[in-house]
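Single-letter residue listing:
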Amino acid sequence: SKGVINLSAPPDTQKFIFQGVHEQIQLGPALKQWGEGEKRTNKFVFIGRNLPPKHYILENLKQCLVSNHQGPFPAYDAAAAEAAAKEENQH
């Protein structure tokens, strides 16, 4: 697995990347920070055989999202996430 993660709330501009093989996962700061106006998203790539169906992975990842709209993080928008997933599937 590998990907980009937004672990910070604005105005922090640090972007994080991760890469994993089996149970070993490394997480660290990316060389480039989030750009001004760049949409902060989390992107995951899973590489392997006999992976669970995509919908199963997505449903479990959704449970990890912060949904406290009173804190520094935006509330989880299910409709926006579903639209983004559909757009991603078209590419």
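Quick caveat: nothing in here was measured; it's all calculated off a predicted structure.

Criteria and thresholds
Residues numbered from 1 in each chain as written. Predicted model: local features only at pLDDT ≥ 70, side-chain atom pairs only at ≥ 80, totals over all residues. Heavy atoms only, no water. Helix = DSSP H or I, 4+ residues; strand = E, 2+ residues; numbered from the N terminus. Buried < 20%, exposed > 50% of the residue type's maximum accessible area, 1.4 Å probe, protein only. Contact = heavy atoms within 4.5 Å. Areas by Shrake-Rupley, 256 points an atom, 1.4 Å probe, with all protein chains shown as cover. Pairing = 2+ DSSP bridges. Axes fitted to C-alpha atoms, helices over the stretch in contact; angles between N-to-C directions.

Along its length, the protein carries 2 helices and 4 strands. When the elements of the protein are put in sequence order from the N terminus, they spell out β-β-β-β-α-α. In the protein, which comprises 91 residues, the share counted as buried stands at 14%. Considering only contacts within the protein whose residues lie at least 6 apart along the sequence, 34% involve residues at least 24 apart. When the accessible area of the protein is evaluated, it comes to approximately 7700 Å², of which 55% is carbon and sulfur surface.

Here we come to unusual backbone geometry. Not every positive phi belongs to a glycine, and His22 is a case in point at roughly 55°. Assignment of secondary structure puts His22 in the loop between strand 2 (16–21) and strand 3 (24–29).

Another point: the sheet that holds strand 2. Within a sheet, each strand pairs with its neighbour through backbone hydrogen bonds, oriented either parallel or antiparallel. Spatial strand order, 3-2-1-4: 4 strands in an open sheet with antiparallel pairing. Every interior strand has two partners, whereas the edge strands, strand 3 and strand 4 (43–45), have only one. The mean angle between the axes of side-by-side strands here comes to 15°, regardless of whether they run parallel or antiparallel. Where strand 1 (residues 2–5) lies against strand 4, 3 bridges are found, and the strand directions are antiparallel. The residue bridging Gly3 from the neighbouring strand is Phe44, located in strand 4.

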